[in-house]
Amino acid sequence: MNNKEMIEYKPNLISKIRSFFRKLFHSSNSSFDNTQTISRTNDRETDKSSNKKDFIAEIKIDTNDIDKVYKKKEFLDEINGNEEALNMLSVDRLKELSKYYDQMIEQNNLKIQKLKANT
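In this text, all values refer to a predicted model and were calculated from it rather than measured experimentally. (Residues numbered from 1 in each chain as written. Predicted model: local features only at pLDDT ≥ 70, side-chain atom pairs only at ≥ 80, totals over all residues. Heavy atoms only, no water.)

K.L.:
I'd like to hear about the overall build of the protein, residue by residue, with values.
P.N.:
In terms of regular secondary structure, the protein is built from four helices and zero strands. Counted from the first residue to the last, the protein has its helices and strands arranged as α-α-α-α. Counting every atom, the protein has about 12000 Å² of accessible surface; 55% of that belongs to carbon and sulfur. (Helix = DSSP H or I, 4+ residues; strand = E, 2+ residues; numbered from the N terminus. Areas by Shrake-Rupley, 256 points an atom, 1.4 Å probe, with all protein chains shown as cover.)

K.L.:
Account for the packing of helix α2 (residues 63-79) against helix α4 (residues 91-118), naming residues and giving values.
P.N.:
Where α2 contacts α4, the two axes come as close as 13 Å, and the packing angle between them is 105 degrees. As judged from the angle between their axes, α2 and α4 are roughly perpendicular. Contact with α2, carried on its side by K72, F75, L76 and I79, involves R93, L97, Y100 and Y101 of α4 and no other residues of that element. Grouping the amino acids of the contact of α2 with α4 by side-chain chemistry returns six nonpolar, no polar and two charged. (Axes fitted to C-alpha atoms, helices over the stretch in contact; angles between N-to-C directions. Parallel < 35°, antiparallel > 145°, perpendicular 65-115°, else oblique. Contact = heavy atoms within 4.5 Å. Nonpolar A, V, L, I, M, F, W, Y, C, P; charged D, E, K, R; others polar.)

Structural data, given as structure tokens:
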């Protein structure tokens, strides 16, 4: 006996029938399905990447805005009850301070009106 020869595969009847039906039903749809799934996955990947970019852009906070709010609060705390510091301010700075207080008063009035409307 010579065991070095290649073994020939002979499909049995069931596997022949199975392969016949696979060729019959799956060959025409397989290329169409593959292109659709590829395009769908590409669309999903681009949507995910754009969603990540949008999310990251929304999360980012401008540090200059935070610094401005912090400096305003620090400035108001310094002026609060300190007449000398208030007298040392320039006219432009006093005008900015009055604008800021006017904005605060408007915001508080809006909050009061909303609370009155709810009750």
